[in-house]
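Spelled out, the chains give:
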Amino acid sequence: MALIVQKYGGTSVGSVERINAVVDKILATRAQGHDLVVVVSAMSGETDRLLKLAKSFTDPPNPRELDVILTTGEQVTIGLLSIALEARGCPARSYTGGQVRILTDSAFNKARILEIDSDRVRVDLSLNRVVVVAGFQGVDAQGNITTLGRGGSDTTAVALAAALKADECQIYTDVDGVYTTDPRIVPQARRLDRICFEEMLEMASLGSKVLQIRSVEFASKYNVPLRVLSSFVEGPGTLIAPEDQTMEQVLISGIAFSRDEAKLTMLGVPDKPGIASQILGEVADANIEVDMIIQNIGADGLTDFTFTVHRNDYKKALDLLRNKAVVLGIREVRGDNRIAKISVVGLGMRSHAGVASIMFKALANEGINIQMISTSEIKISVVVDEKYLELGVRALHEAFHLDEPPVKQ
Ligand code: ADP
Ligand code: ASP
Ligand code: MG
């Protein structure tokens with residue numbers, strides 16, 4: 001007998017019929033003798049609907065009140081699923097994040113889990129109940145309701161699995177595993193049997209929304225066996241696990257991309273010590289996170305400086321730099337929020353050269369101009385015009401033969 005934490009995403013609980021299908025899965029797991037904690041998301045589209053409603057009066061809305069609103073989505077689903085389970089003869093009990101004491105910090109809209117009090121869950125499990133927990137939410141030390149950022153139910157599930165020392169955390173979603181890239185963009189994308197934490201972390205942080213990045217961080221830190229599976233079709237899914245010898249020895253494991261990007265360019269910046277720290281210091285003080293940074297070789301004592309931010313912060317960053325241009329000694333500030341980032345990820349890059357040249361050639365063959373490049377040990381990212389995103393991802397998927405089963409090396 002094992003303890004399993006299952007998480008069902010928005011599409012998986014998107015209607016009464018689908019909730020009934022989730023009940024079937026839960027009953028099947030129980031029939032094998034396992035204890036079960038189930039984390040659910042809001043019904044598909046609900047979080048977006050609530051977000052839009054909250055913005056009716058002012059944008060951005062008060063972050064504390066936004067969390068009060070957004071958490072209702074998951075609260076509806078836990079109640080519905082518990083009723084549905086009991087209607088089929090399965091004892092169940094629902095809990096909001098606050099009730100099960102998922103203690104977070106007070107960073108509304110993007111809170112971090114600090115602690116989980118699992119005693120209550122254990123009591124219910126000992127009474128043979130399925131424990132149904134609302135994903136994406138918690139409570140801070142003052143009792144304020146918080147949310148964990150978009151996609152946060154994945155993190156609730158993994159954090160609960162870690163706190164309960166569960167045998168496996170299963171993420172049920174609308175795809176049957178982690179693919180070489182988003183199968184909605186590249187239909188030839190291939191499901192991976194396994195992917196290691198390090199690669200999955202890069203994929204998630206570079207835009208693959210199949211798992212929230214913090215859920216992968218938690219799983220890696222507490223060694224939680226994590227599996228992504230489909231709610232709709234049977235199959236082994238994808239295991240996310242520590243790196244080991246049996247993993248596919250390939251150069252590139254996957255391609256991630258993100259449209260949530262914007263670029264700011266400062267022209268005619270004095271080329272002197274301290275200028276980068278001055279500009280980026282102002283940006284950091286405004287709580288804007290910077291991703292890629294480029295500074296050109298200067299000429300005539302002047303240089304150009306470009307960096308990217310999340311698209312949500314674009315206007316704020318542009319206004320800030322334009323307002324401070326004179327004090328910072330910047331001649332001109334230009335912005336572009338129609339850019340996208342494409343990244344290739346793979347542990348194989350650590351020991352093989354040549355990935356960059358394959359990547360740049362494939363993009364050049366499609367006439368796609370690369371605006372910025374950044375690299376790390378296991379990834380290369382490029383910024384391109386947003387309109388070339390899909391073409392670029394497809395070209396790279398083909399160039400790295402990701403649709404073909406890997407050749408054993
Ligand atoms: P849920 O509501 O179940 O949490 P999400 O929409 O958050 O589901 O995540 C699943 C989606 O992630 C898939 O429908 C797919 O379009 C997208 N996705 C992005 N990259 C990948 C990838 N590499 N492998 C699988 N799915 C991916
Ligand atoms: N409902 C939240 C969202 O849509 C959390 C989640 O589904 O993981 O982002
Ligand atoms: Mg999700």
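Given the structure is predicted, the values throughout are model-derived calculations rather than measurements. (Residues numbered from 1 in each chain as written. Chains lettered and ligands numbered in written order. Predicted model: local features only at pLDDT ≥ 70, side-chain atom pairs only at ≥ 80, totals over all residues. Heavy atoms only, no water.)

### Here we look at the pairing of strand β16 (residues 332–345)
Regular strands have side chains that alternate between both faces of the sheet.
So, point 1. Judged from the eleven bridges that link them, strand β13 (residues 254–270) and β16 form a sheet pairing that is antiparallel. Within β16, the position partnered with Ala256 by the bridge is Ser343.
So, point 2. One ladder, built from seven bridges, connects β16 with strand β18 (residues 379–385); its direction is antiparallel. Each bridged residue has a counterpart across the sheet, and for Val345 the counterpart in β18 is Lys379. (Pairing = 2+ DSSP bridges. Helix = DSSP H or I, 4+ residues; strand = E, 2+ residues; numbered from the N terminus.)

### A look at the sheet that holds strand β3 (residues 92–95)
So, point 1. In space, the eight strands of this open sheet follow the order β3-β6-β2-β1-β9-β11-β12-β10, with mixed pairing throughout. Strand pairing shows two members of the sheet lacking a second neighbour, β3 and β10 (194–196), which therefore form its edges. On average, each strand axis in the sheet is inclined to that of its neighbour by 20°, with strand direction left out of account.
So, point 2. The sheet contact formed by strand β1 (residues 3–8) and strand β2 (residues 35–40) spans six bridges and is parallel. Bridge pairing in β2 links Tyr8 to Val40. (Axes fitted to C-alpha atoms, helices over the stretch in contact; angles between N-to-C directions.)

### So, a negative patch on the surface
So, point 1. Residues Glu366, Glu398, Asp403 and Glu404 make up a contiguous surface patch of negative charge.
So, point 2. Structurally, the position occupied by Glu366 is in the loop between α10 (355–365) and β17 (372–376). (Patch = residues over 30% accessible without salt bridge, like charges linked within 9 Å, V, L, I, M, F, W, Y side chains within 5 Å. Areas by Shrake-Rupley, 256 points an atom, 1.4 Å probe, with all protein chains shown as cover. Salt bridge = Lys/Arg side-chain N within 4 Å of Asp/Glu carboxyl O. Lys, Arg positive; Asp, Glu negative; His and termini not counted. Charge placed at Lys NZ, Arg CZ, Asp CG, Glu CD.)

### Considerations on the site of ligand 2
So, point 1. As a matter of local geometry, ligand 2 sits amid Ser41, Thr47, Glu74, Phe136, Arg150, Gly151, Gly152 and Ser153.
So, point 2. For ligand 2, a nitrogen atom lies 2.8 Å from a polar atom in the side chain of Thr47.
So, point 3. Ser153 is positioned with one of its backbone polar atoms (N or O) 3.0 Å from an oxygen atom of ligand 2.
So, point 4. If ligand 2 stood free it would expose 260 Å²; the protein chains cover 85% of that surface.
So, point 5. Class assignment for the residues of the shell around ligand 2 results in one nonpolar, five polar and two charged. (Near = heavy atom within 4 Å. Polar contact = N/O pair within 3.5 Å; in protein donor to acceptor, adjacent residues only side chain to side chain. Nonpolar A, V, L, I, M, F, W, Y, C, P; charged D, E, K, R; others polar.)

### Structural notes on the site of ligand 1
So, point 1. Around ligand 1 there are 17 residues in total, and Thr173, Asp174, Tyr179, Asp182 and Arg184 lie nearest to it.
So, point 2. A distance of 2.6 Å separates an oxygen atom of ligand 1 from a polar atom in the side chain of Thr173.
So, point 3. A distance of 2.8 Å separates an oxygen atom of ligand 1 from a polar side-chain atom of Asp174.
So, point 4. For ligand 1, whose free accessible area comes to 570 Å², the fraction covered by protein is 85%.
So, point 5. Among the residues making up the shell around ligand 1, the classes are represented as six nonpolar, six polar and five charged.

### Focus: helix α7 (residues 213–222)
So, point 1. Buried residues of α7: Arg214, Ser215, Val216, Phe218 and Ala219, and no others.
So, point 2. Buried residues belonging to α7 abut β5 (113–116), α5 (153–164), α6 (197–205) and β11 (226–230).
So, point 3. One or two positions beyond α7, positive phi appears at Asn223, with a value near 55°. (Buried < 20%, exposed > 50% of the residue type's maximum accessible area, 1.4 Å probe, protein only. Contact = heavy atoms within 4.5 Å.)

### A look at the packing of α10 against helix α11 (residues 389–399)
So, point 1. Relative to each other, α10 and α11 sit at 130°, their axes nearing to 9 Å. In terms of axis orientation, α10 runs oblique to α11. Like other packed secondary-structure pairs, α10 and α11 cross with a definite hand, here right-handed. For the pair formed by α10 and α11, the contact residues are Ile358, Met359, Ala362 and Leu363 on the first element and Gly392, Ala395, Leu396 and Ala399 on the second. (Parallel < 35°, antiparallel > 145°, perpendicular 65-115°, else oblique. Left-handed = near helix turned anticlockwise from the far one by under 90°.)

### Observations concerning the environment of Ser12
So, point 1. When you line up the elements, Ser12 lands in the loop between β1 and α1 (16–31).
So, point 2. For Ser12, a relative accessible area of 2% gives the class buried.
So, point 3. Here the alpha-carbon distance between Ser12 and Ser230, two residues 218 residues apart in the chain, equals 8.8 Å.
So, point 4. Residues in contact with Ser12, not counting those within four places in the same chain, are Arg18, Ile19, Val22, Tyr172, Thr173, Ser231 and Phe232.

### Focus: the environment of Ile297
So, point 1. Tracing the backbone through its elements, the reader meets Ile297 in the loop between β14 (290–295) and β15 (302–310).
So, point 2. Using a relative accessible area of 82% as the deciding quantity, one classes Ile297 as exposed.
So, point 3. Taking C-alpha positions, Ile297 is 45 Å from Leu66, a pair spaced 231 residues apart along the chain.

### Structural notes on empty space enclosed by the protein
Picture a little ball the size of a water molecule; that probe, rolled over the atoms, points out where space is still empty.
So, point 1. Overall, the coordinates contain one cavity of 30 Å³ or more when judged by the stated rule.
So, point 2. In this structure, the largest cavity encloses a volume near 40 Å³.
So, point 3. In terms of lining residues, the largest cavity is bounded by Tyr8, Ser12, Arg18, Ala21, Val22, Lys25, Ser231 and Phe232.
So, point 4. If you tally residues by element for the lining of the largest cavity, the top one is α1, at four residues.
So, point 5. For the lining of the largest cavity, the class distribution of residues is four nonpolar, two polar and two charged. (1 Å grid on protein atoms, 1.4 Å probe; cavity = no way out; pocket = protein on both sides within 12 Å on 5 of 7 lines; lining within 4 Å. Points joined across faces, edges and corners; volume = space filled by probe spheres on them.)

### Some remarks on the packing of aromatic side chains
So, point 1. Evaluated as defined, the whole model comprises three aromatic pairs.
So, point 2. Ring centres 6.3 Å apart and planes at 70° place the aromatic pair Phe305 and Phe307 in the edge-to-face group. You'll find Phe305 and Phe307 in the same group, each marked buried. (Phe/Tyr/Trp six-rings, centres within 6.5 Å; stacked < 30°, edge-to-face > 60°.)

### Here we look at the packing of α6 against α7
So, point 1. Interhelical geometry of α6 versus α7 gives an angle of 165° and a closest axis separation of 8 Å. Judged on the interaxial angle alone, α7 and α6 are roughly antiparallel. For the element pair α6 and α7, the recorded crossing hand is left-handed. The residues of α7 that touch α6, namely those facing Phe197, Met200, Leu201, Ala204 and Ser205, are Ile213, Val216, Glu217, Ala219 and Ser220.
So, point 2. Here the contact of α6 with α7 is composed, by residue class, of seven nonpolar, two polar and one charged.

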